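Structural overview for review
Here is what each chain is made of, one letter per residue.
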Amino acid sequence: MKFLKDFLYDKNDILVALIILVLAGALIVWRVDVIMEYPSTLVAEIDVSETTEETAEHANEDSSADDSKPSDSEPSGVMTDGVLNQNVTVTIPSGSATGAVDALINAGLFESYDDFVTVCKSSGYTPENIKATTYNFEAGMTKADIAAKVTA
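Calculation rules
Residues numbered from 1 in each chain as written. Predicted model: local features only at pLDDT ≥ 70, side-chain atom pairs only at ≥ 80, totals over all residues. Heavy atoms only, no water. Salt bridge = Lys/Arg side-chain N within 4 Å of Asp/Glu carboxyl O. Helix = DSSP H or I, 4+ residues; strand = E, 2+ residues; numbered from the N terminus. Buried < 20%, exposed > 50% of the residue type's maximum accessible area, 1.4 Å probe, protein only. Arc of directions from axis to C-beta. Contact = heavy atoms within 4.5 Å. pLDDT = per-residue confidence, 0-100. Core = buried A, V, L, I, M, F, W, Y, C linked by side-chain atoms within 4.5 Å. Patch = residues over 30% accessible without salt bridge, like charges linked within 9 Å, V, L, I, M, F, W, Y side chains within 5 Å. Areas by Shrake-Rupley, 256 points an atom, 1.4 Å probe, with all protein chains shown as cover. Axes fitted to C-alpha atoms, helices over the stretch in contact; angles between N-to-C directions. Parallel < 35°, antiparallel > 145°, perpendicular 65-115°, else oblique. Nonpolar A, V, L, I, M, F, W, Y, C, P; charged D, E, K, R; others polar. Polar contact = N/O pair within 3.5 Å; in protein donor to acceptor, adjacent residues only side chain to side chain.

What the rule picks out here adds up to three salt bridges. Its salt-bridge partner being D6, residue K2 comes within 3.7 Å of it at the nearest N-O pair. Remark: D6 and K2 occur in helix α1 (residues 2-64); sequence separation between them is four residues, near one turn of the helix. Assessed through its relative accessible area of 62%, K2 is described here as exposed.

Now the structure itself:
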């Protein structure tokens, strides 16, 4: 009996560590499906929040836009031959430069992120310097004027 008592006393720490490892392994095996779904769940949550923010931005744009702009006009018709044909108000969110440029694209001021970068670089501006705030763009402004205003 003394031998068993001494063995348990000497090996108690190792035994407890093994029990903890077995329990942790069992927990991971039991919940591996939930663990593996987490990245897609996180992406879905981010997509929902971005969609909600974009919807709120569009609601703000519609309510704060110039009264002369028809409410059913599409943003793609605001530029004619590279010149703004009506007053436009755009709220640029903070965060990444691509997210900020997306607000300009959604307003119809640029066709794509690459279009914005091309205009900035040809005009001597750094596209990553885009500032998050609300901008009012007047009719007659060119893409270069817009790029200058948002990166100044």
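In this section: helix α4 (residues 143-151). Every buried residue of α4 is accounted for by K143, I146, A147, V150 and T151. The buried side chains of α4 occupy one side of the element, clustering within an arc of 115° when seen end-on. Where α4 is buried, its residues touch β1 (79-80), α2 (97-106), α3 (113-123) and β4 (134-137).

Turning to α2, its buried residues are A97, A100, V101, A103 and L104. Taken around the axis of α2, the buried residues stretch over an arc of 140°, which confines them to a single face. G108 occupies a position one or two residues after α2 and carries a positive phi of about 85°.

Model confidence for the protein is summarised by a mean pLDDT of 78, while 80% of its residues fall at 70 or above. Here residues 64-76 is a poorly scored stretch, pLDDT under 50, and it has 10 contacts once near neighbours within four places are set aside; other chains count.

In this section: the nonpolar core. Of all hydrophobic cores here, the largest spans 24 residues; its most connected members are V90, I92, L104, L109, F116, I130 and F137. Looking at this core, the elements with two or more residues in it are β3 (88-91), α2, α3, β4 and α4. Residue contributions to this core peak at five residues, all from α2. Those residues in contact with L104, other than ones at most four positions away along the chain, are V90, I92, L109, F110, F116, I130, F137 and V150.

Turning to a nonpolar patch on the surface, a few remarks are in order. A cluster of nonpolar side chains, contributed by M1, L4, F7, L8, L15, I19 and L23, occupies part of the molecular surface with about 770 Å² of accessible area. Secondary-structure assignment places F7 in helix α1.

On to the packing of α3 against α4, then. Across the interface, α3 lies against α4 with an axial gap of 9 Å and an inter-helix angle of 85°. When the axis of α3 is compared with that of α4, the two are roughly perpendicular. For the pair α3 and α4, contact is made by D115, F116, V119, C120 and S123 and by K143, A144, A147, V150 and T151, respectively. Counted by class, the contact of α3 with α4 contains six nonpolar, two polar and two charged residues.

Now for the side chain of T151. Mapped onto the elements of the fold, T151 is located in helix α4. At 2.6 Å, the side chain of T151 forms a polar contact with the backbone oxygen of A147. In contact with T151, other than residues within four places in its own chain, are F116, C120, Y125, T126, P127, N129, I130 and K131.

Locating D115 in the fold gives a position in helix α3. A polar contact is formed between the side chain of D115 and the backbone nitrogen of E111, at a distance of 3.0 Å. Among residues more than four places away in sequence, those in contact with D115 are F110 and K143.

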